[in-house]
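Residues per chain, in single letters:
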Amino acid sequence: MGDRGCIGILAGSGPLPAQVAAAAIAKGRKVFIIGFRDFADRVLLEPYPHEIIRLAAAGDILGALKRNNCRELVLIGPVRRPAWRDLRPDAEGARILARLGRAIFSGDDGLLGAVVRVLGEEGFHVRGAHEFLEHATGRSGTLGRVLPDIQAKQDITRGVEVLKVMAALDIGQGCVVQNGLVLAVEALEGTDAMLGRCGRLMQAGSGGVLVKMPKTGQDLRADMPTIGPETLENAARNGLRGVAFQPGVTLMTDPAGCVKLADRYGLFLYGLTPEDLKDK
């Protein structure tokens, strides 16, 4: 088979970087993790070869990847977009920012797509986290004991329509719909903060529905929709009745934990079907 080199993992926050590392090792690959300072969870990365480096120190990042013979990269874990005045890029970082050009002012999809392109030009092959975490991308249909009723299915349909329109504007990957009313769409704040807003906006009657799916044409190697136990906790805390997601292209940080919490709180956890995704 030859030496396939080491897989470099560029790690933001949350449990997924460590999960990708464990899955890659189980497949017989070596890994090396760059944990972004102020974002990566050092405790979770501790069992694996890693360095903690600040986001804009591109020279240090590229040097560490090359020293560890990393030919393939995985970008995983959220990183809050910093204010540009706070980046303090090193010389290599400034060079890469110049190559990103106007993409640094784009939405997340535009920026991350440009990052993937630049990394490819640097000689790396960027792979998606879902290539290693196949077991964590869900399936179509109801995953727990609670099924979405007719109103919930209508709200899911509405949410899918909204996200398809949002995709062209590169805004976000989630929205909340209640009885046909769009309570919130996800922007820079992320899913958890969006759900917090919904708690104050919820109307009388049955609760709202969170719908998560990637943007049309989105490069899944850079940014996949993600749900985890905290998503279900926040959904219950803020009066939602369920969560719908697109299987195969959505990462679940703890599939069994998500199902367990959905059942505990009486929420549905539903993987969109091809019929749900059809244009109405």
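All values derive from a computational prediction rather than experimental measurement.

Asks: Give me the overall build of the protein: which residues, what numbers.
Replies: In terms of helices and strands, the protein carries ten helices and 13 strands. Each of the three principal axes of the protein carries a C-alpha extent, and together these read 55 × 40 × 35 Å. Put simply, the protein has 280 residues, and 49% of those count as buried. At a minimum sequence separation of 6, the contacts of the protein that also span at least 24 residues come to 73%. When the accessible surface of the protein is totalled, it reaches about 12800 Å², and 54% of it is carbon and sulfur. Averaging the locations of the 35 positively and 32 negatively charged side chains of the protein gives two centres separated by 1 Å.

Asks: Which residues make up helix α6 (residues 150–167), and what values do they have?
Replies: Between its first and last C-alpha atoms α6 spans 26 Å; for 18 residues at 1.5 Å apiece the expected length is 26 Å, and the two agree. Those residues of α6 lying buried are Ala152, Asp155, Ile156, Gly159, Val160, Val162, Leu163, Met166 and Ala167. Buried residues of α6, viewed axially, fall in a sector of 165 degrees; they line one side. Counted as exposed and oriented over 90 degrees from the buried face of α6: Ile150 and Val165. On its buried face, α6 is in contact with β7 (174–178), β8 (181–185), β9 (208–212), β11 (240–245), β13 (268–271) and α10 (274–277). The backbone nitrogen of Gln151 has a side-chain oxygen 3.2 Å away, supplied by the residue at the start of α6, namely Asp149.

Asks: Please give an account of the environment of Arg241 that cites residues and values.
Replies: Note that Arg241 resides in strand β11. Sequence separation between Arg241 and Leu267 is 26 residues, and the spatial gap between their C-alpha atoms is 5.1 Å. Aside from chain neighbours lying at most four places away, what touches Arg241 is Asp149, Gln151, Ala152, Ser206, Gly207, Gly208, Val209, Gly266, Leu267 and Phe268. In terms of polar contacts, Arg241 uses its side chain to reach the side chain of Asp149, at 2.5 Å.

Asks: How would you sum up the UniProt feature "domain: LpxI C-terminal" (unreviewed entry) in the protein? Please name residues and give values.
Replies: Under the present numbering, the feature "domain: LpxI C-terminal" (unreviewed entry) in UniProt falls on residues 140–270. Between the C-alpha atoms that bound residues 140–270 there is a distance of 7 Å. The span itself is 37% helix and 23% strand.

Asks: Describe the packing of helix α8 (residues 229–237) against helix α9 (residues 255–265), naming the residues involved and giving the relevant values.
Replies: Between α8 and α9, the least distance of the axes is 8 Å, while the angle of their chain directions is 15 degrees. Classified by the interaxial angle, the pair formed by α8 and α9 is roughly parallel. Between α8 and α9 lies a crossing of right-handed hand. In this structure, α8 contributes Pro229, Leu232, Glu233 and Ala236 to the contact, and α9 contributes Cys258, Leu261, Ala262 and Tyr265.

Asks: Would you mind going over the pairing of β8 in detail, with residue names and values included?
Replies: Pairing analysis gives four bridges linking β7 to β8, with the strands arranged antiparallel. Bridged to Gln178 within β8 is Leu181. Here β7 hands over to β8 after two residues, with Asn179 in that stretch at a positive phi of 50 degrees.

Asks: Could you give me a rundown of unusual backbone geometry, with the residues and numbers involved?
Replies: Although it is not a glycine, Asn69 sits at a positive phi angle of roughly 60 degrees. In this structure, Asn69 sits in the loop between α3 (58–67) and β4 (70–76). Judged by relative accessible area, which is 32%, Asn69 ranks as partly exposed. With a phi close to 50 degrees, Asn179 is a non-glycine residue in the positive phi region. By secondary structure assignment, the location of Asn179 is in the loop between β7 and β8. A relative accessible area of 39% means that Asn179 is categorised as partly exposed.

Rules of the game
- Residues numbered from 1 in each chain as written.
- Predicted model: local features only at pLDDT ≥ 70, side-chain atom pairs only at ≥ 80, totals over all residues.
- Heavy atoms only, no water.
- Helix = DSSP H or I, 4+ residues; strand = E, 2+ residues; numbered from the N terminus.
- Buried < 20%, exposed > 50% of the residue type's maximum accessible area, 1.4 Å probe, protein only.
- Contact = heavy atoms within 4.5 Å.
- Areas by Shrake-Rupley, 256 points an atom, 1.4 Å probe, with all protein chains shown as cover.
- Lys, Arg positive; Asp, Glu negative; His and termini not counted.
- Charge placed at Lys NZ, Arg CZ, Asp CG, Glu CD.
- Expected span 1.5 Å × (residues − 1).
- Arc of directions from axis to C-beta.
- Polar contact = N/O pair within 3.5 Å; in protein donor to acceptor, adjacent residues only side chain to side chain.
- UniProt positions renumbered as here; feature names shortened; annotations may be inferred.
- Axes fitted to C-alpha atoms, helices over the stretch in contact; angles between N-to-C directions.
- Parallel < 35°, antiparallel > 145°, perpendicular 65-115°, else oblique.
- Left-handed = near helix turned anticlockwise from the far one by under 90°.
- Pairing = 2+ DSSP bridges.

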